[in-house]
Amino acid sequence: MQVDDKLLERLEKLSFLKVSDDKREEIINQLSEIVSFVDNLSELNTDSVDDKFAMSDDATFLREDTPRCNTEISQSILKNSPLSEDGFFVVPKIIE
């Protein structure tokens, strides 16, 4: 992929950022280096690597998902609200 001024303009539009004129060439060079590095990664042969590969078996530890209800937390949050009712925030009606 070629990083040029046209691509940088598109990235500016998508990201709602503006790159100053004096930094444009530097940014284009940096983006080109990044794209070149990522292109090198695509050359690696990963056919023999398991899809669930991790550096450590402990890295994918899963805990049991058990629901808990702590009413103290919701009560402390709701007490900071200007208006609440039956455990919910009351907000102004915006859709008729």
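Attention now goes to the overall build of the protein chain. Helix and strand counts for the protein chain stand at 3 helices and 2 strands. Its helices and strands taken in sequence order, the protein chain reads α-α-α-β-β from the N to the C terminus. Radius of gyration (C-alpha) of the protein chain: 26 Å, far over the 12 Å computed for a compact globule of 96 residues. In terms of overall dimensions, the protein chain has C-alpha extents of about 60 × 45 × 25 Å along its principal axes. The buried share of the protein chain, taken over its 96 residues, is 9%.

With that settled, the discussion passes to helix H1 (residues 5–15). The periodicity of an α-helix, 3.6 residues per turn, causes residues three or four places apart in sequence to face the same way. Within H1 the residues assigned to the buried category are Leu7, Leu8 and Glu12. Relative to the axis of H1, the buried residues are bounded by an arc of 145° and lie together on one face. Turned more than 90 degrees off the buried face of H1, the exposed positions are Lys6, Arg10, Lys13 and Leu14. Among the residues trailing H1, Phe16 stands out with phi positive, at a value near 55°.

Once that is clear, we can look at the environment of Asp47. On the secondary structure map, Asp47 appears in the loop between helix H2 (24–41) and helix H3 (71–78). Residues Asp47 and Lys93 lie 46 residues apart in sequence; the distance between their C-alpha atoms is 56 Å.

Attention now moves to the nonpolar core. The biggest cluster of nonpolar side chains holds 5 residues, and these are Val3, Leu7, Leu8, Val19 and Ile28. Discounting residues that sit within four places of it in the chain, Leu8 has contacts with Val19, Arg24, Ile27, Ile28 and Leu31.

With that settled, the discussion passes to the pattern of salt bridges. According to the stated counting rule, one finds 4 salt bridges in the structure shown. The closest approach of N and O atoms between Glu26 and Lys23, which form a salt bridge, is 3.7 Å. Residue Arg63 pairs with Asp65 through a salt bridge whose shortest N-O separation is 4.0 Å. Arg63 sits in the exposed class, given a relative accessible area of 64%. Note on Asp65: relative accessible area 67%, which makes it exposed. Overlapping salt bridges bring together Asp5, Glu12 and Arg24 as one network.

Here we take up unusual backbone geometry. Positive phi outside glycine occurs at Phe16, with the angle close to 55°. Residue classification places Phe16 among the exposed residues on the basis of a relative accessible area of 78%. With a phi angle near 55°, Asp86 is a residue other than glycine that sits in the positive phi range. The class for Asp86 is exposed, based on a relative accessible area of 69%.

What counts, and where the lines are drawn
Residues numbered from 1 in each chain as written. Predicted model: local features only at pLDDT ≥ 70, side-chain atom pairs only at ≥ 80, totals over all residues. Heavy atoms only, no water. Helix = DSSP H or I, 4+ residues; strand = E, 2+ residues; numbered from the N terminus. Rg over C-alpha atoms; globule rule 2.2 N^0.38 Å. Buried < 20%, exposed > 50% of the residue type's maximum accessible area, 1.4 Å probe, protein only. Arc of directions from axis to C-beta. Core = buried A, V, L, I, M, F, W, Y, C linked by side-chain atoms within 4.5 Å. Contact = heavy atoms within 4.5 Å. Salt bridge = Lys/Arg side-chain N within 4 Å of Asp/Glu carboxyl O.

In short, geometric facts, not functional conclusions.
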